[in-house]
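# Analysis of the macromolecular model
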Amino acid sequence: GHVQEHHIGMLQQLILTNLETPPVDFSQAPWSEACLVMPCHVVQQQWNDVALSKHAWCSAHVVFKCFSFDTVQGALLTLQECYTFALHGTSAQQQGRRCRGNLPDTVELCVGMKVMVTQNMETDLDITNGAHQ
C-alpha cells in the first residue's frame with residue numbers, strides 16, 4: 001500500500017507528547033485497558049506485573065502464585081536428576097528461570113486477568129501462539 005497524508009496525520013495524533021492533541025487520560029478506556037506487546041522481555045514483565053496488580057485491586061480478586069516443577073515424561077525429577085540439573089544450571093536458571101524454553105519457576109494468575117499466549121508448550125490444547133484472551 002501507499003502511505004497517504006491522512007495516515008501520517010492519524011499517527012501524529014497518537015504521539016503522547018504532541019501538543020496539538022488533547023491530553024490522554026490513562027484512567028479511562030481505551031488506555032486503561034491497554035495491552036503492551038513488545039520484544040523486550042524485561043519491560044514486558046514489569047508491565048505485566050503492574051497490570052496484574054491493578055486488575056487484582058480493581059476487581060478485588062486474589063492473585064494466585066503457582067509454582068512449576070521439573071518433570072521427565074510426567075514424573076517429578078529424581079534426587080539424582082535434580083542434582084545433575086543443579087550442577088549444570090546456567091545463569092538463566094540461577095535468575096529463577098528454567099533453562100529449557102526460558103519458562104518461569106512461578107506463574108501468577110488472577111480471575112478475569114487478560115492473557116496472551118506467546119509460547120505454546122502443549123499443542124494438544126489448541127492454543128495459538130499470540131492468542132489474546
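Calculation rules
- Residues numbered from 1 in each chain as written.
- Predicted model: local features only at pLDDT ≥ 70, side-chain atom pairs only at ≥ 80, totals over all residues.
- Heavy atoms only, no water.
- Patch = residues over 30% accessible without salt bridge, like charges linked within 9 Å, V, L, I, M, F, W, Y side chains within 5 Å.
- Areas by Shrake-Rupley, 256 points an atom, 1.4 Å probe, with all protein chains shown as cover.
- Salt bridge = Lys/Arg side-chain N within 4 Å of Asp/Glu carboxyl O.
- Helix = DSSP H or I, 4+ residues; strand = E, 2+ residues; numbered from the N terminus.
- Buried < 20%, exposed > 50% of the residue type's maximum accessible area, 1.4 Å probe, protein only.
- Contact = heavy atoms within 4.5 Å.

## Quick look at a nonpolar patch on the surface
- Taken together, Val62, Phe64, Val107, Leu109 and Val111 make up a surface patch of nonpolar side chains, about 440 Å² in accessible area.
- Assignment of secondary structure puts Val111 in the segment after β4 (106–110).

## Remarks on the side chain of Thr21
- Inspection of the secondary structure assignment puts Thr21 in the loop between α1 (5–12) and α2 (41–59).
- We classify Thr21 as buried; its relative accessible area is 19%.
- Dropping the residues within four chain positions of it, Thr21 is found in contact with Gln13 and Ile15.

## Considerations on unusual backbone geometry
- The amide bond that connects Ala29 to the next residue, Pro30, takes the cis arrangement and shows omega of 5°.
- With respect to the helices and strands, Pro30 occurs in the loop between α1 and α2.
- Here the phi dihedral of Ala60 falls at roughly 60°; this positive angle occurs in a residue that is not glycine.
- By the element assignment, Ala60 lies in the loop between α2 and β1 (63–67).

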